[in-house]
Amino acid sequence: MSASAAGKIEEVFRREAGRVLATLIRLLGDFDLAEEAQQDAFAAAIEQWPTRGIPDNPRAWLISAGRNKAIDRIRREVFFREKIFDRELAAAQADMLAEIDESDEAIFGDDRLRLIFTCCHPALNDEAQIALTLREVCGLPTQAVARAFLVSEETMAQRLVRAKRKIRDAGIPYETPDAAVLDQRIDGVLAVVYGVFTEGYAATAGTQLIDVALCAEAIRLGRLLDTLLPGNTAVMGLLALMLLHDARSSSRVSDAGDVVLLDDQDRSQWDQSEISEGLALVDKSLTARGRVSPYAVQAAIAALHVGAGDKQATDWPQIVGLYEVLLRLHSTPVIELNHAVAVSMVDGAARALDLVNSLAARGRVTQYHLLHAARGRFLQQLGRIEEAREAYGTALKTAALEPERRFLAARIADI
Amino acid sequence: MNYLLLIYSNEAEMMALGEAGLKKMSDEYMEFTKSIVQAGQFKAGDRLKPASTASTVRVRNGKAAITDGPFAETREQLGGYYLIEAKNLDEATAIAARIPGARIGSIEVRPIWPLTG
């Protein structure tokens, strides 16, 4: 096989893998069986395509090859007959006979959406939801998923097996939820996508600040959801938020791998195409009918940051106002903290310190290093140097990520 | 699939509802049970006497030891159950959410693992 032919086949696999797997799961009613079928289909393609050429509709070819291989397997191995339920076997055979229009994009879209809702089902624990989504929807190898969670490949493989077993044994459906519960379930899906993004954007531990691959996967998922559920305000809001953050990612880290604060970032490095796409989505989300999504409000805040020509032009009073909207919609300690930082830019450090002290007094986030770092900064601005040093010290003790630790150590040295 | 819905609640909190409150809840249970019988989802169901009436049996070295009380002291106690037939977990959890006790306690939803012979 020539290198260019191999390249073309590779490219088809990359493009079609997600759709093929999602549809095979529906047809076969079993994750493991579908994954094996997908591999079998790819293996058959590598064998046959170089001599016979790539078929006109490679996706349909791969799906029917995968389905036929799976049914061969079921027939051949008693093991599988016990493993999958009789009704699933019957369904797989019925589908084999049924003529589906393999070129119908809507069917594949629906299958991918089903797969996302199944992987992000609330009956699975949060970590399992993220891991399954990365593995099954994004098609990341188990090893890469394991790296994202800082566990061994074997541990991750076991977690994935457990999650898939629960899907099968507890009867978690392979279905897009009814309209009545769709909004609620979408929130869960978006939390998973945002979880993938934030883990990529500010890893919780390790030596690297940004895991570009995870950010890219999260944005890809966001775009996919926006295609599958067009006009959904929460989906648009989250996609906008991720794009506006991602646009700044190359300027967030210095060449030496150190943290660069927003004020000091080189604005010429920001990705203008992501920014304009993000800004358009914020507008669309906030002006569309339906509920106001907290993601869209956060995206609007990010838009004010990137929209300012330079740091002096940042519209802090409006940012404070948006944080107050956000606190009413969806209050979390992290949002309270960010609100306090914005307040410090408008009303000064004394008022901001009150807010942060009140947050700390409620004891919800005492292990969160950024809370102590913010306290340190406010105290320093107020000239309370000893207390500032102490607060930065606590921040350093609770921070786990190397670049952030270096940043905090530099702050302490500067005082 | 068949699912067992285990109804847990804090018995002291239940008693605190008072006679009128308990009567109202019992009426709601009658209503709920009727609805799942009519929908063809009901297979079995009962309430249980309080955990103070429970005894636990263990057989060790061929000898049965009987002790007072449930296996573990917990904040919520098993107070009843339904055995239902549902299409999948989403349908089962939707039924569980309609159990009156879900509003004050919690419902554990467990798929039945059929014996295969």
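On a predicted model such as this, the values are computed, not experimentally measured, just so you know.

The rules behind each value
- Residues numbered from 1 in each chain as written.
- Chains lettered and ligands numbered in written order.
- Predicted model: local features only at pLDDT ≥ 70, side-chain atom pairs only at ≥ 80, totals over all residues.
- Axes fitted to C-alpha atoms, helices over the stretch in contact; angles between N-to-C directions.
- Helix = DSSP H or I, 4+ residues; strand = E, 2+ residues; numbered from the N terminus.
- Parallel < 35°, antiparallel > 145°, perpendicular 65-115°, else oblique.
- Left-handed = near helix turned anticlockwise from the far one by under 90°.
- Contact = placed C-beta atoms within 7 Å.
- Nonpolar A, V, L, I, M, F, W, Y, C, P; charged D, E, K, R; others polar.
- Pairing = 2+ DSSP bridges.
- Core = buried A, V, L, I, M, F, W, Y, C linked by C-beta atoms within 7 Å.
- Buried ≥ 20, exposed ≤ 12 C-beta atoms within 10 Å, placed from the backbone.

Caption draft 1: Looking closely at the packing of helix α2 (residues 31-52) of chain A against helix α3 (residues 58-76) of chain A. All names here are of chain A. Running from N to C, α2 and α3 point in directions that differ by 120°, and their axes come no closer than 8 Å. With respect to α3, the axis of α2 lies oblique. Crossing of α2 over α3 shows right-handed handedness. Contacts between α2 and α3 involve L33, A37, Q38, D40, A41, A44 and A45 from the first element and L62, A65, G66, R67, K69 and A70 from the second. Along the lines of polarity and charge, the residues of the contact of α2 with α3 split into eight nonpolar, two polar and three charged.

Caption draft 2: Quick look at the pairing of strand β5 (residues 77-85) of chain B. Residues and elements named next belong to chain B. Here strand β1 (residues 2-9) runs beside β5; their pairing, made up of eight bridges, is antiparallel. Across the sheet, L6 pairs through a bridge with Y81, a residue of β5. Direction of pairing for strand β2 (residues 42-47) relative to β5: antiparallel, over a ladder of five bridges. In the strand pairing of β5, G45 is matched with Y82.

Caption draft 3: The nonpolar core, seen in detail. Residues and elements named next belong to chain A. Counting 119 residues, the largest nonpolar core has A240 and A299 as the members making the most contacts within it. Top element by residues in this core is helix α12 (residues 233-246). It accounts for ten residues. Every residue in contact with A240, bar those within four places of it in the chain, is listed here: G278, L281, V282, S285, A296 and A299.

Caption draft 4: Geometry of the interface of chain A and chain B. If you look at the interface, chain A gives seven residues, while chain B gives five residues. Residue classes in the side of chain A that touches chain B are distributed as five nonpolar, one polar and one charged.

Keep in mind that these numbers describe shape and distance, not what the molecule does.
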